[in-house]
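For reference, the chains in residue letters:
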Amino acid sequence: MKAAQIVEAVLFASDAPLKAEEIARADESLDEDQVELAIQELRTLYDESERAFQIVEVGDGYQILTRPEFAPYLERFDTVPRPSRLSGPALETLAIIAYRQPIGRVEVEYIRGVGSAGVIRTLQDRGLIDVVGRGEGLGRPLLYGTTRKFLEHFGFASLDDLPRPEDLPVILRERTPLDQVLEGEGGGEGAGEGVA
Amino acid sequence: MESAAFSRAPTGGAAPARAGSSGRGDLLVVELDRFQGPLDLLLHLVRRQDIDIFDIPIATITDQFLEAIQGLDTEDLDGAGEFLEMAATLVRIKAQMLLPRPQDDEDEDPRAELVRRLLEYEQIREIAVRLAAAEAERGRRFGKGYVEPRPRGILVDPPLETTWDEVMAAAMAVKVPRPEARPHRLRTGLVPLEEKIQLILDALKEASRVEFGALVAPWKEKIHGVMTLLAGLELSRQRAVSLHQVRLFHELWILRRELEAWAGEVRPGGPGEGTLTEGEEVA
């Protein structure tokens, strides 16, 4: 049995992304490097034979997914999972958490300018974010971070796939910690560095 | 805002007056419920007027902001509070701008933190747009996995059109059932009393007395004990047997009674006294 075939069988049968190390558990003869090699082999094979699917790196693992151009055909079937779309507030909140994790609710609300408890709860219920720790300070607030499911939902292989601040039209500066900012506002003192 | 909590800013008659006072025309006719919050609204005001964000004319923007939130639904305290808080911040910055500031670098421009927040919020919004694009792109790829066919046509909940008056009327129309009209059902025992009466009579054909425990022993279910006891009581009532127990919780004996009234037939509903005779005790 060729390594590529074993890897193909495992990927074919899985309905969620698998890491190379997870795939390697299929057989004693496999290790991570061999799995990566096998995946390269399979990708070439699929491309050459014009398969309708690809091995995609998503959510910290590999998954066999159909090529995007076949979406119109598949969308006609009720038995094909319908992609879910998040609301504007949910995307905004996720964006903040993705870039600032770990981050507490109060800071999310300060950045958005609106209450966000409901959105955060919804995102947590959907498994896109989770509590990753507790912050310092009053009440040891819960801190949130994104999950593997977040990466899967947006088709990212890792957090490095997020749009980089330098690619964006507005340059996001390093922030002063929120408590210092609020202190500064209350005392009428300067809050952190000036605006360039 | 996540909900359309804000009533639309008044248009029509009110709009020209507002436009006139601001001198900016329809730029300022904003629908509050279009905005996700005060930062969104403020950013809209700044960007639509092509204002240099690093040199915001704070007095003008404050007036425009206050005007835009005239239509606030003041009953939605949470939502309105966020806009009012921003309004307060703007007014404070406006006041600080009027105070003379020393020209050293120690003191920051009062607008600095607001500008930072606006830029940051703008960037977050941009990232959210990119995330939505990534989400849409990911949605065009399908993995394995069967899902239940979606039900068609029943996804929309019918609007609730019942009024409280109707609920009240329905509640008043309910007739309270009269207690005596309520049917009372008894479950028939699975072990017939007659069977147990016969059991006792059969046992007493061979002996003049029999232990209650011996009659019950072959069965495990409590109902046999209950029915055997009832059978014993019934026979006792008909004066066919007498029940003897020396002491409380001791073995109960059923004794044959040779009496003229007893003709060997079972009369479950027959007349007789309901009391035990001759000092028998039944535990």
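Every value quoted in this text rests on a predicted model; they were computed, and no experiment measured them.

Novice: Run through the overall build of chain B, naming residues and quoting values.
Specialist: Assigned secondary structure in chain B consists of nine helices and three strands. Counting over 283 residues, chain B shows a buried share of 36%. Pairs at least 24 residues apart make up 61% of the contacts formed inside chain B by residues separated by at least 6 positions.

Novice: Tell me what's going on with the sheet that holds strand E5 (residues 142-146) of chain A, and back it up with residues and numbers.
Specialist: Strand order in this open sheet of three strands is E3-E5-E4 (chain A), and the pairing throughout is antiparallel. Bordering the open sheet on either side are strand E3 (103-104) and strand E4 (129-134) of chain A, each of which pairs with just one other strand.

Novice: Break down the pairing of strand E2 (residues 61-66) of chain A for me, with residues and values.
Specialist: Residue and element names in this part refer to chain A. Within E2, six of the six residues are buried, which leaves it mostly tucked inside the rest of the structure. Where burial is concerned, the two faces of E2 agree: the one with Gly 61, Gln 63 and Leu 65 and the one with Tyr 62, Ile 64 and Thr 66 are both buried. Strand direction decides the pairing type here: strand E1 (residues 53-58) and E2, joined by six bridges, are antiparallel. Within E2, the position partnered with Val 56 by the bridge is Gln 63.

Novice: Which residues make up the pattern of salt bridges, and what are the values?
Specialist: Counted under the stated rule, the structure contains 17 salt bridges over all chains. In this structure, Arg 112 of chain A and Glu 92 of chain A form a salt bridge, with 2.9 Å as the shortest nitrogen-oxygen distance. One end of the pair, Arg 112 of chain A, is in helix H6 (residues 105-112); the other, Glu 92 of chain A, is in helix H5 (residues 88-100), with 20 residues separating them in the sequence. A salt bridge links Asp 40 of chain B to Arg 125 of chain B, with the shortest nitrogen-to-oxygen separation between them at 2.4 Å. Taken together, the residues Asp 40 of chain B in helix H2 (residues 38-48) and Arg 125 of chain B in helix H5 (residues 112-138) connect sequence positions 85 residues apart. Classification of Asp 40 of chain B as buried rests on a relative accessible area of 8%. On the basis of relative accessibility, which here comes to 30%, the residue Arg 125 of chain B falls in the partly exposed class.

Novice: Before we move on, could you go through a nonpolar patch on the surface and cite the residues and values that matter?
Specialist: Taken together, the side chains of Ile 223, Val 226 and Leu 230 of chain B define a hydrophobic patch exposed on the protein surface, amounting to about 220 Å² of accessible area. Checked against the element boundaries, Ile 223 of chain B lands in helix H9 (residues 222-237).

Novice: Please give an account of the side chain of Arg 112 of chain A that cites residues and values.
Specialist: Relative accessible area serves as the criterion here: at 2%, Arg 112 of chain A is assigned to the buried category. Side chain to side chain, Arg 112 of chain A and Ser 116 of chain A meet in a polar contact 3.0 Å long.

Novice: Let's hear about the packing of aromatic side chains: which residues, and what values?
Specialist: The final tally for this structure, using the stated rule, is six aromatic pairs over all chains. Aromatic side chains Phe 154 of chain A and Phe 156 of chain A sit 5.9 Å apart centroid to centroid with 20° between the ring planes, which places their arrangement in the stacked category. The two residues Phe 154 of chain A and Phe 156 of chain A agree in class, both being buried. Joined through ring pairs, the aromatic side chains of Phe 150, Phe 154 and Phe 156 of chain A make up one cluster. Taking the ring centre of Tyr 110 of chain A as reference, the NZ or CZ of Arg 117 of chain B above it sits at 3.9 Å. The ring of Trp 253 of chain B carries the charged tip of Arg 209 of chain B above its face, separated from the ring centre by 4.2 Å.

Novice: Give a detailed account of the sheet that holds strand E2 (residues 241-245) of chain B, specifying residues and quantitative values.
Specialist: Residue and element names in this part refer to chain B. Spatially, three strands are ordered E1-E3-E2 in an open sheet, and the strand pairing comes out antiparallel. Unpaired on one side and paired on the other, strand E1 (209-211) and E2 mark the two borders of the sheet. Looking at each pair of strands side by side, their axes are set apart by 25° on average, direction ignored. The sheet contacts of H9 involve E2 and strand E3 (252-256), and relative to E2 the element is tilted by about 125°.

Novice: Describe the confidence of the model for chain B, listing the residues and the values that go with them.
Specialist: Residue and element names in this part refer to chain B. Per-residue confidence for chain B averages 74 on the pLDDT scale, and 65% of its residues sit at or above 70. Ranking the elements of chain B by mean pLDDT puts helix H1 (residues 14-22) last, at 38, and H5 first, at 89. Between residues 1-27, whose pLDDT stays under 50, and residues either more than four places distant or in other chains, the model counts 47 contacts. Contacts from residues 259-283, a stretch scored under 50 in pLDDT, to residues over four places away or in other chains number 43 contacts. For this predicted complex, the interface confidence score (ipTM) comes to 0.79, while the overall pTM stands at 0.58.

Thresholds applied
Along each chain, the written sequence defines residue order, and numbers are assigned to residues from 1. Key to labels: chains lettered from A, ligands numbered from 1, both in the order written. For this predicted model, a pLDDT threshold of at least 70 governs which residues receive local features, and a threshold of 80 or more governs which side-chain atom pairs are given and counted, while totals over whole chains, interfaces and linings are taken from all residues. To get the side-chain values, all heavy atoms of the structure are used, and hydrogens and water are removed first. Only DSSP runs of H or I reaching four residues or more are called helices, and only runs of E reaching two or more are called strands; each is numbered from the N terminus. Throughout, exposure labels follow a simple rule: accessible area from a 1.4 Å probe, protein chains only, divided by the maximum for the residue type, with under 20% read as buried, over 50% as exposed, and the rest as partly exposed. Any two residues having at least one pair of non-hydrogen atoms within 4.5 Å are treated as being in contact. Paired strands are those between which DSSP finds at least two bridges. Here, a salt bridge means any side-chain nitrogen of Lys or Arg that lies within 4 Å of a carboxyl oxygen of Asp or Glu. The residues that make up patches have over 30% relative accessible area and no salt bridge, and they are joined within 9 Å when like-charged or within 5 Å when they are Val, Leu, Ile, Met, Phe, Trp or Tyr. Here the accessible surface of atoms and residues is derived via Shrake-Rupley with a 1.4 Å probe, and residues count as covered only by protein chains that are part of the display. Polar contacts, as counted here, are pairs of nitrogen or oxygen atoms within 3.5 Å of one another; within protein the pair requires one atom able to donate a hydrogen and one able to accept it, and residues that are adjacent in sequence qualify only if both atoms are side-chain atoms. Between rings of Phe, Tyr and Trp, where Trp is taken as its six-membered ring, a pair exists when centres lie within 6.5 Å; planes separated by under 30 degrees are stacked, by over 60 edge-to-face, and by other angles tilted. Charge-over-ring contacts are defined here by two conditions on Lys NZ or Arg CZ: a distance within 6 Å of the ring centre and an angle within 35 degrees of the ring normal. Lines fitted to the C-alpha atoms define the axes, with helices restricted to the stretch that makes contact. Angles between their N-to-C directions range from 0 to 180 degrees. One confidence number per residue, pLDDT, is output by the predictor and ranges from 0 to 100.

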